[in-house]
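Reading the structure
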Amino acid sequence: MKVFNTILTKLVASIEGIENEQDMLIRLIIAVAVLVVLIVFRKQISKFIVMLLNKSIARKRPNAQKALRESLTRPLSVFISILALFISTEIIAPTGEIRNAALLVCKLGLILFLSWFGVNLINSDFSFFLKDDTSKSRKTAVKFISNILKVTIVIIALLLVLEQFGISASKIFAALGIGGVAVAFACKDAVENMLSGFIIIFNKPFEVDDCIELEGTVGTVEDITIRTTKLRAVDGSQKIYPNTVMANAAITNWSKMNKRAFSEKLTINYSHSSDEVEKFCGDIKAIILSNENVISDDVRVNFTEYGAHSLDIELFFYVKTVKISEYLKVKNDINIAIKQYAQDSGMDFAFESKTIYFADELQIKK
């Protein structure tokens, strides 16, 4: 008790505007009560504030409500804790160094809260930004611009934090001006990648979710950031390429196709007659046309060549689907049907073979 009274006496002496120990004790009790209440109920308070914002700002948009709730609730809860500390300090010491320190912490907390909320909102569900338009081009543009916005938010937040410590943005830019050449040289690759990113976004050689082939690697575009493009290869690995590489490379975009070509060669034995070969070609064409995924306008089944070991029949047609999984399913079904027909009709497929004759050893000696 004596130690507590000593602390009260020192606080009264150090804080301006406090008349006696009793006044100080009342302030401490109120400050602790406010601090405890706000910290204990911070989550409920933040949820209530988010609910009010949803009702007033995003009343008829469930996606916007979800984005606002997920991006705001946690940062607001943390800021309420910081605000509780500031209010408690304001009650105890409305003036002086303690109050100035608490005010600095509150300002830093506000900067953290706003930047955290901004980044979370940008990272939220795309349906909030895209409304009813979920096209690849718009989705790609939104992802790229969102990456730029996140970097911008972080830079502004850092500048504001430095401002609170007396380091103005003008001084920083002046310092950068002194070593501007070195900075420009160091940032050359970053700037080139960012400009290449803009070229990719506006020229649209590929977009997010497109299946592309680059340098022998086939994969799906996952993201286009300020500096890099992320590609998920078919083997599951993630490939990351600088945007300058993506903008200058020869890329095959399989997703831009409206159909896929099917080309294959069948080889049958020379033992089959011309009538059998003609009937075989007609029946194979009928099998192909019976598949609903085949484009019937251009189906070619032709006896094209007398091969070294076989009679060669070429198949060529287009499949409606462009997805590789669906295309392979169509290819599998048609090949199975052709194989079954060949078995039922007695048509023998040919394969490369060699016959070796050995002379009788005694005859060679004679």
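Everything numeric here is computed off the predicted structure, so don't read it as measured data.

Scoring rules and cut-offs
- Residues numbered from 1 in each chain as written.
- Predicted model: local features only at pLDDT ≥ 70, side-chain atom pairs only at ≥ 80, totals over all residues.
- Heavy atoms only, no water.
- Axes fitted to C-alpha atoms, helices over the stretch in contact; angles between N-to-C directions.
- Helix = DSSP H or I, 4+ residues; strand = E, 2+ residues; numbered from the N terminus.
- Left-handed = near helix turned anticlockwise from the far one by under 90°.
- Contact = heavy atoms within 4.5 Å.
- Nonpolar A, V, L, I, M, F, W, Y, C, P; charged D, E, K, R; others polar.
- Buried < 20%, exposed > 50% of the residue type's maximum accessible area, 1.4 Å probe, protein only.
- Pairing = 2+ DSSP bridges.
- Parallel < 35°, antiparallel > 145°, perpendicular 65-115°, else oblique.

Turning our attention to the packing of helix 12 (residues 274-289) against helix 13 (residues 324-345). The geometry of helix 12 relative to helix 13 is characterised by a closest axis approach of 10 Å and an angle of 145° between their N-to-C directions. The element helix 12 and its partner helix 13 pack so that their crossing is right-handed. Of the residues in helix 13, those in contact with Lys279, Phe280, Asp283, Ile284, Ile287 and Ile288 of helix 12 are Ile334, Ala337, Ile338 and Tyr341. Of the residues in the contact of helix 12 with helix 13, the class split is eight nonpolar, no polar and two charged.

Structurally, Ile80 is set in helix 4 (residues 62-92). Each C-alpha atom, one on Ile80 and one on Ile45, is 8.3 Å from the other, the two residues being 35 residues apart in sequence. Excluding anything up to four places from it in sequence, Ile80 contacts Leu38, Arg42, Ile45 and Ser46.

In this fold, Asp297 is placed in strand 7 (residues 294-306). Classification of Asp297 as exposed rests on a relative accessible area of 73%. The spacing of Asp297 and Phe317 is 20 residues in sequence and 8.6 Å in space, taken between C-alpha atoms.

The strand order across the open sheet formed by five strands is 4-3-2-1-5, and the pairing between neighbours is antiparallel. Since the sheet does not close on itself, it has two edges, and those belong to strand 4 (238-242) and strand 5 (251-253), each with one partner. On average, adjacent strands in this sheet sit at an angle of 40° to one another, irrespective of strand direction. Bridge count for strand 2 (residues 217-224) against strand 3 (residues 228-233) is five bridges, and the pairing is antiparallel. Directly across from Asp223, in strand 3, lies its bridge partner Lys230.

Before going further, it helps to examine the packing of helix 4 against helix 5 (residues 97-122). Their axes nearest at 9 Å, the elements helix 4 and helix 5 cross at an angle of 180°. Classified by the angle between their axes, helix 4 and helix 5 sit roughly antiparallel to one another. For the contact of helix 4 with helix 5, the per-class residue count stands at 20 nonpolar, four polar and three charged.

Our focus in this paragraph is the side chain of Thr228. Summarising the element assignment, Thr228 is placed in strand 3. On the basis of relative accessibility, which here comes to 14%, the residue Thr228 falls in the buried class. In this structure, Thr228 is in contact with Asp223, Ile240, Tyr241, Pro242 and Asn243, ignoring residues within four places of it in sequence.

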